[in-house]
Amino acid sequence: MGKRIHVTTTINGEPVEFLCEARQSLLEVLRDVLRLTGTKEGCNNGNCGACTVLLNGLPVDSCLVLAVEAEGATIETVEGIACGGHLHPLQQCFLEGAALQCGICTPGFLVAAKALLDKNPNPSERDIRFELAGNICRCTGYDKIVRAVQDAAQRMAASR
Amino acid sequence: MSAATSAYVFLPRIRRVPSPPTPQLAAEIAALKDFEYAAAATVEEAVSLLAARGDSARVLAGGTDILVQLREGLRSVDLLVDIKKIPELTVLEYSPETGLKLGAATPCYRIYGDERLRTAYAALCDATRIIGGWQVQSRASVGGNLCNSSPAADSIPALIVHSATCQIAGPSGVRELPVEEFCTGPGRNALERGEFLVSLTFPPPLPRSGSHYLRHIPRNEMDIAVAGAGAWLALDESGRIAAARVALSAVAPTPKFAAEASEYLVGKAPTEEVFREAGELAKKVASPITDMRGPAEYRIHLAGVLVRRALTKAAERAQSGY
Ligand SMILES: Cc1cc2nc3c(=O)[nH]c(=O)nc-3n(C[C@H](O)[C@H](O)[C@H](O)COP(=O)(O)OP(=O)(O)OC[C@H]3O[C@@H](n4cnc5c(N)ncnc54)[C@H](O)[C@@H]3O)c2cc1C
Ligand code: FES
Ligand code: FES
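Residues numbered from 1 in each chain as written. Chains lettered and ligands numbered in written order. Predicted model: local features only at pLDDT ≥ 70, side-chain atom pairs only at ≥ 80, totals over all residues.

1. Quick word on the overall build of chain B
At step 1: Within chain B, the regular secondary structure consists of twelve helices and 14 strands.
At step 2: Each of the 322 residues in chain B was classed as buried or not, and the buried ones make up 52%.
At step 3: When contacts within chain B are restricted to residue pairs at least 6 apart in sequence, long-range pairs at least 24 apart make up 66% of them. (Helix = DSSP H or I, 4+ residues; strand = E, 2+ residues; numbered from the N terminus. Buried ≥ 20, exposed ≤ 12 C-beta atoms within 10 Å, placed from the backbone. Contact = placed C-beta atoms within 7 Å.)

2. Some remarks on the sheet that holds strand β2 (residues 14–21) of chain A
All names here are of chain A.
At step 1: Across the sheet, five strands lie side by side as β2-β1-β5-β3-β4; this open sheet has mixed pairing. Looking at the sheet topology across the chains shown, the edges are occupied by β2 and β4 (58–61). Each adjacent strand pair in this sheet contributes to an overall mean axis angle of 40 degrees, direction not counted.
At step 2: Looking at chain direction, strand β1 (residues 4–11) and strand β5 (residues 74–76) are connected through two bridges and run parallel. By the bridge assignment, I11 is partnered in β5 with I75.
At step 3: In the packing of helix α3 (residues 106–119) onto the sheet, contacts are made with β3 (52–55) and β4, and the angle to β3 comes to roughly 40 degrees. (Pairing = 2+ DSSP bridges. Axes fitted to C-alpha atoms, helices over the stretch in contact; angles between N-to-C directions.)

3. Details of the interface of chain A and chain B
At step 1: Each partner contributes residues to the interface: chain A has 24 residues there, and chain B has 26 residues.
At step 2: Tallied by class, the residues present in the side of chain A that touches chain B amount to eleven nonpolar, eight polar and five charged. (Nonpolar A, V, L, I, M, F, W, Y, C, P; charged D, E, K, R; others polar.)

4. Some thoughts on helix α11 (residues 272–282) of chain B
At step 1: Of all the residues in α11 of chain B, the buried ones are F275, A278, G279 and A282 of chain B. When α11 of chain B is viewed along its axis, its buried side chains cluster within an angular range of 105 degrees and face the same direction. (Arc of directions from axis to C-beta.)

5. Let's talk about the packing of helix α2 (residues 89–96) of chain A against α3 of chain A
When two helices pack together, their arrangement is given by the angle between the helix axes and the distance between those axes.
Residue and element names in this part refer to chain A.
At step 1: One way to put it is that α2 packs onto α3 with a least axis distance of 10 Å and a crossing angle of 135 degrees. Judged by the inter-axis angle, α2 sits oblique to α3. Crossing angle aside, the handedness with which α2 passes α3 is right-handed. Residue-level inspection shows L90, Q91 and F94 of α2 in contact with α3, the latter providing T106, L110, A113 and K114.
At step 2: Taken together, the residues of the contact of α2 with α3 sort by class into four nonpolar, two polar and one charged. (Parallel < 35°, antiparallel > 145°, perpendicular 65-115°, else oblique. Left-handed = near helix turned anticlockwise from the far one by under 90°.)

6. Some thoughts on the site of ligand 1
At step 1: Near ligand 1 there are 33 residues, and of these G46 of chain A together with G62, G132, G144 and N145 of chain B occur at the shortest range.
At step 2: Neighbouring residues of ligand 1 are not confined to a single chain but are spread across chains A and B.
At step 3: Counting residues per element, the ones that place at least two in the shell around ligand 1 are β2 (57–60), α3 (66–71), α8 (142–148) and β10 (196–202) of chain B.
At step 4: In terms of residues, the shell around ligand 1 owes the most to one element, α8 of chain B, which gives five residues.
At step 5: Grouping the amino acids of the shell around ligand 1 by side-chain chemistry returns 18 nonpolar, eleven polar and four charged.
At step 6: Taken together, domain 1 (23–82) and domain 2 (87–202) of chain B each give at least three residues to the shell around ligand 1, which thus spans both. (Near = placed C-beta within 6 Å. Domains from an automatic or database assignment.)

7. What to know about the sheet that holds strand β4 (residues 92–95) of chain B
All names here are of chain B.
At step 1: Taken together, five strands build an open sheet; the order of strands is β4-β5-β10-β6-β7 and the sheet is antiparallel. Since the sheet does not close on itself, it has two edges, and those belong to β4 and β7 (173–178), each with one partner. The sheet shows a mean angle of 20 degrees between the axes of neighbouring strands, direction not considered.
At step 2: The pairing of strand β6 (residues 165–170) with β7 spans six bridges and is antiparallel.

8. Observations concerning the domain arrangement of chain A
All names here are of chain A.
At step 1: Each domain of chain A was delimited in the assignment, giving domain 1 (4–80) and domain 2 (89–158).
At step 2: If you average the C-alpha positions of domain 1 and of domain 2, the two centres end up 22 Å apart.
At step 3: In this complex, domain 1 contributes 14 residues to the contact, which on the side of domain 2 involves eleven residues.
At step 4: Among the elements that line the side of domain 1 that touches domain 2, the one with the most residues is β3, at three residues.
At step 5: Residue composition of the side of domain 1 that touches domain 2, grouped by class: seven nonpolar, six polar and one charged.

9. Details of the environment of T184 of chain B
At step 1: The topology assignment puts T184 of chain B in strand β8 (residues 183–185).
At step 2: Those residues within four positions of T184 of chain B in sequence are excluded, and the remaining contacts are N189, A190 and T254 of chain B.

10. Looking at the environment of L30 of chain A
At step 1: Secondary-structure assignment places L30 of chain A in helix α1 (residues 26–33).
At step 2: Between the alpha carbons of L30 of chain A and E131 of chain A there is a distance of 24 Å; along the sequence they are 101 residues apart.

11. Focus: unusual backbone geometry
Residue and element names in this part refer to chain A.
At step 1: The phi dihedral of N56 falls on the positive side, at around 50 degrees, and the residue is not glycine.
At step 2: Turning to its location among the elements, N56 is positioned in the loop between β3 and β4.
At step 3: When the 13 C-beta atoms within 10 Å are taken as the criterion, N56 is described as partly exposed.
At step 4: In the Ramachandran plot, Y142 falls in the positive-phi region, its phi being about 75 degrees despite a non-glycine side chain.
At step 5: Looking at where Y142 falls in the secondary structure, it is placed in the loop between α4 (125–131) and α5 (143–158).

12. Let's talk about the packing of α2 of chain A against α5 of chain A
Residues and elements named next belong to chain A.
At step 1: Where α2 contacts α5, the two axes come as close as 8 Å, and the packing angle between them is 135 degrees. As judged from the angle between their axes, α2 and α5 are oblique. You can see that α2 and α5 cross each other, and the crossing is right-handed. Along its contact with α2, which presents P89, L90, C93 and F94, the element α5 presents A148, V149, D151, A152, R155 and M156.
At step 2: Here the contact of α2 with α5 is composed, by residue class, of eight nonpolar, no polar and two charged.

Below you can see the structure in the form of structure tokens.
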């Protein structure tokens, strides 16, 4: 086993420290060291987006980030999306709209869609399809996912 | 999904795994061999780390190529030198008088997200907007795209048509190189032992100039170019072409500047016919291979079509001040 490196981060608002090897991806550390298993591994090569987390506010594939690179960073994972025991409107709309089947892609879609709505609260269908092109779903055929994101955007606008 | 193994892709994005993978292979794929990681604080520190280790050290910018290559066993390193924490590596300084200075590790999203660059260096914004999806663009840098030196790299034709210059730091100081001389073969470039790319500089935009980069891919997003073309042109006061640059990707062992096509355009009116002829001339620099992305003849044909379209849009942008 390689040398362990000490890393200090903030994850979902909490200060978190961990030890890792330089070769370990942020995805590996989140799942295997910190047991934050909401973030999924699909391809492990940047193509599928199942491992999407926010790194300093930006969506990244955590399989293509080394955990040591997260020193000093703020990370948000799918576990941080629900607030005070309430599902986020995106989570609610994914459930109600059946925007998932096997669910492997869902955490990545939720995190990327949340980043999209933070940047653009009223995205068109084209915007959603373009910005979420880095997230792949083998089950739903995408239409329900796009609609769930649109519904969530409307609900969030109505409650503002 | 793009499934590919070809010389032009250079490093296949998706590894074909015999199914079901043996437990040993599965573990190998999941885990990277361990290496050391060092975040350099200064250009000098990065140079000394790289010079001391030679081929067993590599630069880490956004990691979207190198981490995939390491995981797939296509490369192996003892040391990754993270350059993102060196202040010069993430600068983005622009003024209409002096042009653009772009730190080599600046991620794509900061480039296309900058309103000022959208008109001044439109082709570069077009290219950075289509490198991977949003997650990749949050990390991937233009310096990494250039230094990975894939023949199909989307930003390189844009860098060529915008006349970018590379600033390369090494053990004997900093040297400059025009970007069209940087790539020397698939995955190969002009960097010597201990050297790395610090920044790219771009001349200020000319009045009545415009540019565009586009590629052909079978999907709508997230794929490797079958062929790509960049074009830049500046018009004179009478509306004729005063200067032009055309470049191609994915049709030769390196991205190519199309000198003859570029020279032909000077003094001509920006018409469909002229652009078609420039496309024909640009085809001469194409020497593509046949692979699963497309046969050579098809790629040569595409090169002509894409150059015409890139020039048409570049001229529209020059005329409208986009
Ligand atoms: C899902 C996915 C989709 C992609 N889609 C595209 C696409 O559409 N078009 C495209 O062109 N590419 C694409 N890529 C490839 C990749 O994202 C780009 O080439 C990217 O620009 C690489 O930049 P990086 O900062 O991540 O480089 P890194 O991976 O950090 O580095 C790439 C290589 O360059 C070297 N290097 C990096 N910076 C420097 C420097 N400053 N000086 C010296 N050497 C350096 C590294 O050692 C390494 O060998 C895709 C990748 C993925 C995973
Ligand atoms: S697991 Fe990271 S992108 Fe697929
Ligand atoms: S629900 Fe199965 S991959 Fe999307």
